[in-house]
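Close look at the chain arrangement
Here are the chains, one letter per residue:
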Amino acid sequence: MTNPILAIDGGKPVCKEFLPYGQQWLDEADIQAVVDVLRGKFITQGPKIAEFENKVAHYAGAKYAVAFSSGTAALHGACFAAGIQSGDEVITTPLTFAASSNCVLYCGGTPVFADVKSDTYNIDPTDILKKVTPKTKAIIPVDFTGQPVQIDAIMQIAKQANENAANRELVVIHDAAHSLGASYKGRKIGAWADMTMFSFHPVKHVTTAEGGIIVTDNEEYYQRMLLFRSHGITKDPKQLHQTDQGDWYYEMQVLGYHYRMTDMQAALGISQMNKLDGFVTRRREIANQYNEAFRGLPGVILPTTLNEAESSWHLYILQFDPAYTRVNRNDLFAALKAENLGVNVHYIPVYLQPYYQSLGYAKGHCPNAEHIYERIITIPLFPKMSDEDVHNVIAAVKKVHAAYYM
């Protein structure tokens, strides 16, 4: 029996319609939550924001939460709260979206890239340790694809550095944009680091359309981020320098930004959080089906999960070993896309971007990250996928594999 003709060669695509790599899942309850706000008194700065913050903080096991207009804004706020400024270095991973290191540049600091582990694709604590200097102010580990980093080892690195130097505060800002709902050693992500960021972009686990949040147990960080997201302005009587003014009085105490979330977004987030565990369960079901279907395919490397971690599976990434195929990654990508799969590549190592190259970062800095980047493709995974969608993704991958692999 001959293999079916690839769509890129004129054959029939496996998927009748385009299937994106990620997509939100909204129901009538979500829509009604937003409509209720639109019919109420507050659509921007109202009570739903605090309700949403409390809901996320409780879920993550943290005392405080500060909602922002995006995950990027939230990371910027966390860097501000940590006191990052010119002359400070911040260690992070290159295998991430640019926001994980751009937030350091926004504050005048210098990103330092530590390489990733070749199995989990997460930042390597051993390489972090090599990169720590007296100038290191923070570490920003990223839970790539929803797989938790070895956050206990990273927290220990920060603790040891602080103990070895007087008046030092090396802060861990956990970029958990991919890992809401994940856990490590039995504790929810959000309960480990000094500050943890979650993202609510439509392809993430829950959405507020755009939005992000920082959870923390540190009241000082909490207060600084509240200021930062609202132009650096406060009307809180306990925070004011002058207390003999009227109710109208406010003070701009720091140079902040307009990074606020709206009540409409928060209402959507509250409704979405009610479905988070179900969303994560479905993501894990799909990932397990992929693992079972692709295990044993020659030249295909599956994602690795640590025994002590429970991923929330934001992304599912396959690594294709070029030694087994007669085509390159671009050919594989094009063939899968022609089958109507919304494949993607996550991510180009940040320091290879033209802007970072202009700052002096050079190729070859993190060889594992560069090696992995050249071989990976992201395939669709989101909870709204039907069983037929999952079957079609598996069929499309196997179809392309059969055509191109030895």
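- An unreviewed UniProt entry annotates the protein chain as UDP-4-amino-4, 6-dideoxy-N-acetyl-beta-L-altrosamine transaminase of Paenibacillus alginolyticus.
- Of the protein chain, the UniProt comment under Sequence similarities (unreviewed entry) reads exactly: "Belongs to the DegT/DnrJ/EryC1 family."

1. Thoughts on the overall build of the protein chain
- Across its full length, the protein chain carries 13 helices and 15 strands.
- For 406 residues, the compact-globule formula gives about 22 Å, and the C-alpha radius of gyration of the protein chain, at 22 Å, lands near that figure.
- With the C-alpha coordinates of the protein chain rotated into their principal frame, the extents come out at 85 × 55 × 40 Å.
- Across the 406 residues that make up the protein chain, the buried fraction comes to 56%.
- Across the protein chain, the fraction of contacts at a sequence separation of at least 24, relative to all contacts at a separation of at least 6, is 72%.

2. Observations regarding the environment of Val343
- Positionally, Val343 belongs in the loop between α10 (329–338) and α11 (354–358).
- Looking at Val343, the relative accessible area reads 9%, which means it is buried.
- Separated by 323 residues in sequence, Val343 and Pro20 have C-alpha atoms that sit 7.2 Å apart.
- The contacts of Val343, once residues within four sequence positions are left out, are Phe333, Leu336, Lys337, Ile377, Thr378 and Ile379.

3. A closer look at the packing of aromatic side chains
- Inspection of the entire model under this criterion finds 21 aromatic pairs.
- Ring geometry for Trp25 against Phe279: centres 5.8 Å apart, planes inclined by 20°, an arrangement best described as stacked. Taken together, the positions of Trp25 in the segment before α1 (28–38) and Phe279 in helix α9 (residues 276–294) put the pair 254 residues apart, joining distant regions of the chain.
- Residue classification places Trp25 among the partly exposed positions, given a relative accessible area of 34%.
- Ring pairing ties together the aromatic residues Phe113, Tyr351, Tyr355, Tyr356 and Tyr361, which thus form one cluster.
- Sitting over the ring of Phe80, Arg224 keeps its end group 4.4 Å from the ring centre.
- Stacked on the ring of Tyr373, the Lys or Arg Arg329 has its end atom at 5.0 Å from the ring centre.

4. Let's talk about the pattern of salt bridges
- Evaluation of the coordinates by the stated rule reveals 11 salt bridges.
- Residues Lys131 and Asp127 are paired through a salt bridge, measuring 3.2 Å at the closest nitrogen-oxygen approach. With Lys131 and Asp127 both in helix α5 (residues 125–131) and 4 residues apart, this pair spans about one turn of that helix.
- Here Asp127 falls in the buried class, since its relative accessible area comes to 14%.

5. Examining the sheet that holds strand β12 (residues 300–301)
- If you trace the 3 strands from one edge of the open sheet to the other, you get β12-β14-β15, paired in antiparallel fashion. For this open sheet the edge positions go to β12 and β15 (376–379), each flanked by a neighbour on one side alone.
- Lying on the sheet, α9 is in contact with β14 (316–320) and β15; it crosses β14 at an angle near 20°.
- Strand contacts of α10: β14 and β15, with the helix running at about 15° to β15, the strand carrying the most contacts.

6. Brief notes about the side chain of Glu53
- Note on placement: Glu53 falls in helix α2 (residues 47–60).
- With residues near it in sequence (within four places) discarded, Glu53 still touches Ala65, Val66, Ala67, Ile213 and Arg229.

7. Considerations on α1
- Buried residues of α1: Asp30, Ala33 and Val37, and no others. Buried residues of α1, seen end-on, are gathered within an arc of 60° and therefore sit on one face of the element.
- Structurally, α1 contributes buried residues whose contacts are with α2 and α8 (263–273).
- Sitting at the amino-terminal end of α1 is Asp27, which places a side-chain oxygen 3.1 Å from the backbone nitrogen of Ala29.

8. Brief notes about the pairing of strand β5 (residues 171–175)
- Counting buried positions along β5 yields 5 of 5 residues, so the element is predominantly enclosed.
- On β5, burial covers both faces: Val171, Ile173 and Asp175 on one face and Val172 and His174 on the other are all buried.
- Relative to β5, strand β4 (residues 136–140) runs parallel, the two sharing 2 bridges. Its bridge partner being in β5, Ile139 is matched across the sheet by Val172.
- You can see the chain leave β4, run along helix α6 (residues 151–164) and come back into β5, and the turn it takes is right-handed.
- Note: β5 against strand β8 (residues 195–199), 3 bridges, orientation parallel. Of the residues in β8, the one forming a bridge with His174 is Thr196.

Rules used throughout
Residues numbered from 1 in each chain as written. Predicted model: local features only at pLDDT ≥ 70, side-chain atom pairs only at ≥ 80, totals over all residues. Heavy atoms only, no water. UniProt positions renumbered as here; feature names shortened; annotations may be inferred. Helix = DSSP H or I, 4+ residues; strand = E, 2+ residues; numbered from the N terminus. Rg over C-alpha atoms; globule rule 2.2 N^0.38 Å. Buried < 20%, exposed > 50% of the residue type's maximum accessible area, 1.4 Å probe, protein only. Contact = heavy atoms within 4.5 Å. Phe/Tyr/Trp six-rings, centres within 6.5 Å; stacked < 30°, edge-to-face > 60°. Lys NZ or Arg CZ within 6 Å of the ring centre and 35° of its normal. Salt bridge = Lys/Arg side-chain N within 4 Å of Asp/Glu carboxyl O. Pairing = 2+ DSSP bridges. Axes fitted to C-alpha atoms, helices over the stretch in contact; angles between N-to-C directions. Arc of directions from axis to C-beta. Polar contact = N/O pair within 3.5 Å; in protein donor to acceptor, adjacent residues only side chain to side chain. Right-handed = clockwise from strand over helix to strand, strands pointing away.

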